[in-house]
Amino acid sequence: GEQPIFLEMRSVKFQWGGKEATLVFLRDVTEQKQMQDNLVYLAQRDPLTGLANRTSLMDYLKKAIASVSQSKNGLVAVFFLHIDRLGRINDTLGHAMGDLLLKEITKRLTIFTRGDDNAARVSGDEFVVILSNLIPMEAVSSVAQKMIDRLSEPYFLKGNEWEITLSIGISICPNDARDPETLLEYAEMALH
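This text gives an overview of the structure that appears in the document. Everything numeric in this text was worked out from a predicted model, so none of it was measured.

1. Regarding the sheet that holds strand E3 (residues 76-83)
Line of reasoning, step 1. Strand order in the open sheet formed by four strands is E4-E5-E3-E8, with antiparallel pairing between adjacent strands. Of all the strands in the sheet, just strand E4 (118-123) and strand E8 (166-173) have a single pairing partner and so form its edges. The mean inter-strand angle of the sheet, taken between neighbouring strand axes irrespective of direction, is 20 degrees.
Line of reasoning, step 2. As defined by bridge partners, E3 adjoins strand E5 (residues 126-132) across seven bridges and the pair is classed as antiparallel. Bridge assignment links Phe 79 to a residue of E5, and that residue is Val 129.
Line of reasoning, step 3. Where helix H4 (residues 95-109) meets the sheet, it contacts E3, E4 and E5, and its direction lies at approximately 10 degrees from that of E5.
Line of reasoning, step 4. Helix H6 (residues 180-191) rests against E3, E5 and E8 of the sheet, and its axis sits at about 145 degrees to E8.

2. Quick look at H4
Line of reasoning, step 1. Helix length check: H4 (15 residues) gives 20 Å between terminal C-alpha atoms against 21 Å at 1.5 Å per residue, within 8%.
Line of reasoning, step 2. For H4, every residue scored as buried is listed here: Met 97, Gly 98, Leu 101, Leu 102, Ile 105, Thr 106, Arg 108 and Leu 109.
Line of reasoning, step 3. In this fold, the buried residues of H4 make contact with E3, helix H3 (86-93), E4, E5, helix H5 (138-152) and strand E6 (155-157).

3. Some details on the nonpolar core
Line of reasoning, step 1. Counting 29 residues, the largest nonpolar core has Phe 79, Leu 81, Leu 101, Ile 105, Phe 127, Val 129 and Met 147 as its most contacted members.
Line of reasoning, step 2. For this core, the elements supplying multiple residues, two or more each, are E3, H3, H4, E5, H5, E6 and E8.
Line of reasoning, step 3. If we skip the residues at most four places from it in the chain, Ile 105 touches Ile 83, Phe 127, Leu 151, Tyr 155 and Ile 164.
Line of reasoning, step 4. Ala 52, Phe 80, Ala 120 and Leu 191 belong to the second-largest nonpolar core, a separate cluster that totals 21 residues.

What counts and what doesn't
Residues numbered from 1 in each chain as written. Predicted model: local features only at pLDDT ≥ 70, side-chain atom pairs only at ≥ 80, totals over all residues. Heavy atoms only, no water. Pairing = 2+ DSSP bridges. Helix = DSSP H or I, 4+ residues; strand = E, 2+ residues; numbered from the N terminus. Axes fitted to C-alpha atoms, helices over the stretch in contact; angles between N-to-C directions. Contact = heavy atoms within 4.5 Å. Expected span 1.5 Å × (residues − 1). Buried < 20%, exposed > 50% of the residue type's maximum accessible area, 1.4 Å probe, protein only. Core = buried A, V, L, I, M, F, W, Y, C linked by side-chain atoms within 4.5 Å.

The following block contains the structure:
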């Protein structure tokens, strides 16, 4: 669709020939608005993958916990993923190839995120996926297995085939904790 235009309007009242008149100034601020939106977007995103960053993830996790607490059923599961030996790929093939691999991993990871779920890149080789309203408990391990299977399938990059291995740690609200920091911490501890 067409891009919206943003206008700033200022008006000044004054006397004109004994009558009150209003002078209106319009200024096109579309470019400034786009730059501001872009800065907000960049502050919440990982620049390479476009996924949420840690700050944005914690905001989302807070909301997911609040939602489950209100409904009194369902679970919020935090999946903490570590891509094994990504550093070695970067060292042997260069960072450009490592970045390409991370983008492909991201594409596969977002298959598991529904509209209200969230995936984030929290460090160079670590990702977090938050899935809410998972019922029953068995669904959590089933999703984890699917993630491992999907992400472990071969990647075809620039004519070469690559395989990765990964580790996943999981924490669950309300079973393990009810606050975002502790849940993330527990999922990371489970990973290690």
